[in-house]
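Listed here are the chains, written in short residue letters.
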Amino acid sequence: MDVRVPGSQQPFVGRKAELDALAEAYAQASGGRARIVCVEGVAGIGKTALVRSFLAVASSPVVSASGDEAEMTLPWGVVSQLAQGAPADSSGPLRQLAELRPGADPLASGRLLLDAVGVLASQQPEPVVLVVEDLHWVDHPSAQALRFALRRLNEEHVLALVTTRPEGPVPFDDGWRRLFDDQGERLRLAGLKPPEVAQLVSALGGGTLSGSAACRLWRHAGGNPLYTRCLVEELDPAVLAAASGPLPAPRSLATLLVARLAACAPGTQDLVSAAAVLGERCSLALAALIADVPAPADALGEAVAARLLAENHDDGIRQLQFPHPLMRAAIYADLSPARRAAFHLSAARLTAGAVALSHRVAAAAGPDAELAAELAEVARAAAAGGMHAT
């Protein structure tokens, strides 16, 4: 069973544990113990949907604001939103915050915000819910005042909900982290599970998925509700219902990633493209050989800074990995057929066994009797060993 997110026509599925945690925090706030909850997750994972779904069943006044990347340099932008979003019958301190000037003292303003929220909470039969979304984009003065106020919440009937991304351009610092860990709670949202992905697809009108098809889509989109919804909107239900085969990245994400890659140096573009041909994870050395990049460390540094690749180590070997499977899909799909085939042939020469064979298959442009014979032999050997799926 799914519900519709208030203020949206999109369905909301899963997240029972997170909703239960918010309900428990709300109950504590009702009992006179102020609570702070940070909902953390990557873009599109459903932070806003979770908060809205919870607010739909909470009969409380809500004071809300949200950060915006384009307004990060606007002093007091978020605090002003909180003041303007106060209930019409609220008095005094909260509305004074709308009149803050750029040079105002953040700590004094934080004290005013704390007093305002306390006054508002004392006037209501239910706890006040203070919502600040996209903390990673909140202007600096507002962030200082907000943290000052939240640190001093105690016995007020207030539940503060904050959402943020761990990988945002301005991730929250140690002060915020200590606040959430010591005085609040952090809900880290992961992707939906395969059955929930199937439920979401059905609710979006994408048809009924088998367990295998749901797992395929789940692996591809990482259980991300936004990416899943985009794919449902862009693909035919028959494509989604298939149990195997590649899936594209959502067009909006692909456009963003391709533009980000195009802004990089040629060597970086080659390294990232070679990595996409090799899969979601590969060694830096192999990708650099295939791409013929003379300075792989410099190219890798730029790719990591552009959030196109991540670096890790496996038994001392430097490994490349795409932050999300869809990134690899988008970059791979953008390669021209000729360049893609050339990279695959290079990979086939530098690898062995089934891996090399898979690259030769990917590079094939038509019937190839020799390749077909090798594939048939591999298939016979796999069948003889009981590996029929292979």
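Parameters at a glance
- Residues numbered from 1 in each chain as written.
- Predicted model: local features only at pLDDT ≥ 70, side-chain atom pairs only at ≥ 80, totals over all residues.
- Heavy atoms only, no water.
- Helix = DSSP H or I, 4+ residues; strand = E, 2+ residues; numbered from the N terminus.
- Buried < 20%, exposed > 50% of the residue type's maximum accessible area, 1.4 Å probe, protein only.
- Contact = heavy atoms within 4.5 Å.
- Areas by Shrake-Rupley, 256 points an atom, 1.4 Å probe, with all protein chains shown as cover.
- Lys, Arg positive; Asp, Glu negative; His and termini not counted.
- Charge placed at Lys NZ, Arg CZ, Asp CG, Glu CD.
- Pairing = 2+ DSSP bridges.
- Axes fitted to C-alpha atoms, helices over the stretch in contact; angles between N-to-C directions.
- Salt bridge = Lys/Arg side-chain N within 4 Å of Asp/Glu carboxyl O.
- Phe/Tyr/Trp six-rings, centres within 6.5 Å; stacked < 30°, edge-to-face > 60°.
- Lys NZ or Arg CZ within 6 Å of the ring centre and 35° of its normal.
- Parallel < 35°, antiparallel > 145°, perpendicular 65-115°, else oblique.
- Left-handed = near helix turned anticlockwise from the far one by under 90°.
- Nonpolar A, V, L, I, M, F, W, Y, C, P; charged D, E, K, R; others polar.
- Arc of directions from axis to C-beta.

Asker: Hey, could you run me through the overall build of the protein chain in this one?
Answerer: Looking only at helices and strands, the protein chain has 19 helices and 10 strands in total. For the C-alpha atoms alone, the extent of the protein chain along its principal axes is close to 80 × 50 × 35 Å. Evaluated residue by residue, the protein chain yields a buried proportion of 46% over its 390 residues. Counting only contacts in the protein chain whose residues sit at least 6 apart along the sequence, the fraction spanning at least 24 positions is 70%. On the protein chain, roughly 18,700 Å² of surface is accessible, and the fraction owed to carbon and sulfur atoms is 55%. When the 33 basic and 41 acidic side-chain charges of the protein chain are each reduced to a single mean position, those positions are 1 Å apart.

Asker: Would you mind showing me how to read the sheet that holds strand β5 (residues 128–133) here?
Answerer: The strands that make up a sheet pair up through hydrogen bonds in the backbone, lying either parallel or antiparallel. Reading across from one edge, β4-β5-β6-β3-β7 is the order of the 5 strands in this open sheet, with parallel pairing throughout. Taken across any chain shown, the strands that pair with only one partner, and hence form the sheet edges, are β4 (62–66) and β7 (185–188). Taking each pair of neighbouring strands and ignoring which way they run, the sheet shows an average axis angle of 15°. Sheet topology places strand β3 (residues 35–40) next to β7; 4 bridges connect them, and they run parallel. The partner of V39 across the bridge, within β7, is L187. Relative to the sheet, helix α3 (residues 77–84) contacts β4 and β5, its axis offset from that of β4 by approximately 155°. With respect to the sheet, helix α6 (residues 140–151) is in contact with β3, β5 and β6 (158–164), its orientation differing from that of β5 by roughly 145°.

Asker: I would appreciate a short explanation of the pattern of salt bridges in the present structure.
Answerer: Applying the stated rule across the entire model yields 8 salt bridges. K16 serves as the salt-bridge partner of D20, at 2.8 Å between the closest nitrogen and oxygen. With a gap of 4 residues between them, D20 and K16 both fall in helix α1 (residues 16–30), about one helical turn apart. Residue D181 pairs with R186 through a salt bridge whose shortest N-O separation is 3.3 Å. Note on D181: relative accessible area 45%, which makes it partly exposed. Each member of the salt-bridge network shares a partner with another, and the members are E40, D181 and R186.

Asker: Please clarify how the sheet that holds strand β10 (residues 317–321) should be interpreted in this entry.
Answerer: Read across the sheet, 3 strands follow the order β8-β10-β9 without closing on themselves; strand pairing throughout is antiparallel. The open sheet terminates on both sides in strands that have one partner only, identified here as β8 (281–283) and β9 (310–314). Each adjacent strand pair in this sheet contributes to an overall mean axis angle of 35°, direction not counted. Looking at chain direction, β9 and β10 are connected through 5 bridges and run antiparallel. From the neighbouring strand, N312 faces β10, where its bridge partner is Q319. Relative to the sheet, helix α14 (residues 284–291) contacts β8 and β10, its axis offset from that of β8 by approximately 80°.

Asker: Hey, could you run me through the environment of I36 in this one?
Answerer: Position of I36 among the secondary structure elements: in strand β3. Along the chain, I36 and Y227 lie 191 residues apart, while their C-alpha atoms are 29 Å from each other. Once you skip the residues sitting within four places of it in the chain, I36 turns out to touch L150, A160, L179, F180, Q183, G184 and E185.

Asker: Could you clarify how one ought to interpret the packing of aromatic side chains in this entry?
Answerer: Ring pairs (aromatic) are described by centroid distance and by the angle formed between their planes. Applying the stated criterion to the full structure yields 2 aromatic pairs. Relative to F54, the ring of Y26 lies with its centre 6.0 Å away and its plane at 75°, an arrangement referred to as edge-to-face. Taken together, the residues Y26 in helix α1 and F54 in helix α2 (residues 47–55) connect sequence positions 28 residues apart. Seen from their ring centres, W176 and F180 are 5.6 Å apart, and the 25° between their planes marks the pair as stacked. You can see W176 and its partner F180 sitting in helix α7 (residues 174–183), 4 residues apart, about one turn around the helix. Each member of the pair, W176 as well as F180, is classed as buried. Sitting above the plane of the F148 ring, R152 keeps its charged end 3.7 Å from the centroid. The lysine or arginine in question, R340, covers the ring of Y332, its NZ or CZ lying 5.1 Å from the ring centre.

Asker: Which parts of the structure should I look at to understand the packing of helix α18 (residues 353–363) against helix α19 (residues 369–384)?
Answerer: When two helices pack together, their arrangement is captured by the angle between the axes and the distance separating the axes. For the pair α18 and α19, the least separation of the axes is 11 Å and the interaxial angle reads 140°. One element, α18, and the other, α19, form an angle in the oblique class. As α18 packs across α19, the resulting crossing turns out to be left-handed. For the pair formed by α18 and α19, the contact residues are L357, R360 and V361 on the first element and L371, E374, L375 and V378 on the second. Looking at the contact of α18 with α19 residue by residue, the classes come out as 5 nonpolar, no polar and 2 charged.

Asker: Help me out: how do you make sense of helix α15 (residues 296–305) in this one?
Answerer: For an α-helix the count is 3.6 residues per turn, leaving residues at separations of three or four pointing the same way. Looking at α15, one finds that the buried residues are A299, L300 and A303. Buried positions in α15, seen along its axis, are confined to an arc of 100° and lie on one side of it. When the buried face of α15 is taken as reference, the exposed residues oriented beyond 90 degrees from it are D298 and A305. In this structure, the buried side of α15 is in contact with α13 (266–278), α14, β9 and β10. Positioned one or two residues after α15, R307 has a phi angle of 60°, which is positive.

So, to be careful, I would describe these as geometric facts and stop short of saying anything about function.
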